[in-house]
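# A look at the structure
Below are the chains, spelled out letter by letter.
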Amino acid sequence: MADAHIPKVRVPKEVKPGEIVEIRTLIPHEMETGRRIDSQGTPVPRKIINSFVARFNGREVFRADWHPSVSANPYQSFFLKTTVSGILDFMWKDDDGTEYISSAQLKLSR
Amino acid sequence: MTAESDAFSRREALALGGSAALALALAPDFALGDVASTEAELKRLYGERPMEESRIKLDLPPIAENGLVVPVNIEVESPMTDEDHVKAVHLFAEGNPAPRVASFYFTPANGKAATSTRIRLAKTQTVVAVCEMSSGALHVARAEIKVTIGGCG
């Protein structure tokens, strides 16, 4: 059974034009470092999320490369400043090629 | 070397508590990183380019109770305009098996060059953050942190 890697993102409900807001993300994932041995003495292979990309209205606004020293259930926050409403798209990329995605709407208050 | 690995294995098992389904041990050839390997990595990336110890703030707790989950906050003073902004911040852990922890890539759309994450630290050590500006200038910050129970990094 595949683990559910369902991301959680926290985006403010409303944003004033030009306001700088924090975007918070979290994705459940074991971030297996590749440095452990299981109880049988077998090395546990590395399997982490190595890339996080955030786009706003299709344009990349923030990106992170993660190595095995990033904690399990990786948390990542960054900031966004905008004068338009739009869609934030998030993508996390696993070592095994799987892409986990999420999105959130950002609404401008008048 | 073996005795050291065994001791570390016990600490690692303690850190995860009795709920861990797997009995954990570290590979016999587990080698903790050192300052030299981080400095070598910085040299490889940046050569002799000067790094100013200004504008970049690296926040870590002075003591980490759990080396598996250490909160890190990085903030760089920058107008974040098209002409003058932070391009990237690279995070290193001098005492981890591999010094590179993460890299963060910013754009003027961020408004503020700040980011938070959580990292694994294998032992008490110095964490280093290097910032690359759009101008090509480099800034560096170092933070020392005591780690009471190491998290395999």
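Scoring rules and cut-offs
- Residues numbered from 1 in each chain as written.
- Chains lettered and ligands numbered in written order.
- Predicted model: local features only at pLDDT ≥ 70, side-chain atom pairs only at ≥ 80, totals over all residues.
- Heavy atoms only, no water.
- Helix = DSSP H or I, 4+ residues; strand = E, 2+ residues; numbered from the N terminus.
- Buried < 20%, exposed > 50% of the residue type's maximum accessible area, 1.4 Å probe, protein only.
- Contact = heavy atoms within 4.5 Å.
- Areas by Shrake-Rupley, 256 points an atom, 1.4 Å probe, with all protein chains shown as cover.
- pLDDT = per-residue confidence, 0-100.
- Buried area = accessible area lost by both parts, 1.4 Å probe.
- Salt bridge = Lys/Arg side-chain N within 4 Å of Asp/Glu carboxyl O.
- Polar contact = N/O pair within 3.5 Å; in protein donor to acceptor, adjacent residues only side chain to side chain.
- Nonpolar A, V, L, I, M, F, W, Y, C, P; charged D, E, K, R; others polar.
- Pairing = 2+ DSSP bridges.
- 1 Å grid on protein atoms, 1.4 Å probe; cavity = no way out; pocket = protein on both sides within 12 Å on 5 of 7 lines; lining within 4 Å.
- Points joined across faces, edges and corners; volume = space filled by probe spheres on them.
- Phe/Tyr/Trp six-rings, centres within 6.5 Å; stacked < 30°, edge-to-face > 60°.
- Lys NZ or Arg CZ within 6 Å of the ring centre and 35° of its normal.

Below, the discussion takes up the overall build of chain A. A tally of regular secondary structure across chain A gives zero helices and 10 strands. Along the longest, intermediate and shortest principal axes, the C-alpha atoms of chain A span 60 × 25 × 20 Å. In chain A, buried positions account for 47% of the 110 residues. Taking the intrachain contacts of chain A between residues at least 6 apart in sequence as the baseline, contacts between residues at least 24 apart amount to 57%. If you sum the accessible surface of chain A, you get close to 5700 Å²; carbon and sulfur atoms cover 49% of it.

It is worth spelling out the confidence of the model for chain B at this point. Residue and element names in this part refer to chain B. In this model, chain B carries a mean pLDDT of 84, and residues with pLDDT of at least 70 account for 76%. Scored below 50 in pLDDT, residues 1-30 makes 39 contacts in the model with residues more than four places away or belonging to other chains. Confidence estimates for the predicted assembly give a pTM of 0.86 and an ipTM of 0.96.

Positioned with a positive phi, A:Met31 is a non-glycine residue whose angle comes to about 45 degrees. Position of A:Met31 among the secondary structure elements: in the loop between strand 3 (20-26) and strand 4 (36-37). A:Met31 sits in the buried class, given a relative accessible area of 0%. Here B:Met80, not a glycine, exhibits a phi torsion of approximately 55 degrees, which is positive. Within the fold, B:Met80 resides in the loop between strand 5 (70-76) and strand 6 (86-93).

With that settled, the discussion passes to the interface of chain B and chain A. Often the size quoted for an interface is simply the accessible area lost on bringing the parts together. Listed by partner, the interface residues are 36 residues for chain B and 31 residues for chain A. A buried area of about 2800 Å², summed over both sides, lies between chain B and chain A, and 50% of it is on carbon and sulfur atoms. Contact with chain A buries surface across chain B, with B:Tyr105, B:Arg118 and B:Arg120 losing the most and accounting together for 24% of the total. Counting the contacts that link chain B with chain A gives zero salt bridges. Applying the counting rule to chain B against chain A returns 23 residue pairs in polar contact (both at pLDDT 80 or more). For the side of chain B that touches chain A, the secondary structure elements donating two or more residues are strand 1 (25-26), strand 7 (100-106) and strand 8 (113-119) of chain B. Take the side of chain B that touches chain A: its biggest share by element is seven residues, from strand 7 of chain B. Tallied by class, the residues present in the side of chain B that touches chain A amount to 22 nonpolar, nine polar and five charged. The sheet contact formed by strand 8 (residues 75-81) of chain A and strand 8 of chain B spans two bridges and is antiparallel. Of the residues in strand 8 of chain B, the one forming a bridge with A:Ser77 is B:Ser116.

Mapped onto the secondary structure, B:Thr107 falls in the loop between strand 7 and strand 8. A distance of 2.8 Å separates the side chain of B:Thr107 from the backbone oxygen of A:Val61, its partner in a polar contact. If sequence neighbours within four positions are ignored, B:Thr107 has contacts with A:Glu60, A:Val61 and B:Met80.

Scanning the entire structure with this criterion turns up 12 salt bridges over all chains. The salt bridge involving A:Lys47 is made with A:Asp94; its shortest N-O contact spans 2.9 Å. Here A:Lys47, found in the loop between strand 5 (43-44) and strand 6 (49-56), pairs with A:Asp94, found in strand 9 (residues 86-94); they are 47 residues apart in sequence, far enough to count as distant. Assessed through its relative accessible area of 2%, A:Asp94 is described here as buried. Among the ionic pairs, B:Lys43 bridges to B:Glu48, the shortest N-O distance being 3.0 Å. A relative accessible area of 48% places B:Lys43 in the partly exposed class. Look at B:Glu48 and you get exposed, because its relative accessible area is 66%.

All names here are of chain A. Reported here for the largest pocket is a volume of approximately 350 Å³. Of all elements in the fold, only strand 7 (59-66) and strand 8 reach the threshold of two or more residues within the lining of the largest pocket. The dominant element in the lining of the largest pocket, judged by the number of residues it contributes, is strand 7, at three residues.

A separate point is the packing of aromatic side chains. Applying the stated criterion across every chain, the model contains 10 aromatic pairs over all chains. Seen from the ring of B:Tyr105, A:Arg63 lies directly overhead, with NZ or CZ sitting 4.2 Å from the centre. A cation sits over an aromatic face here: B:Lys112 above A:Phe79, 4.2 Å from the ring centre.

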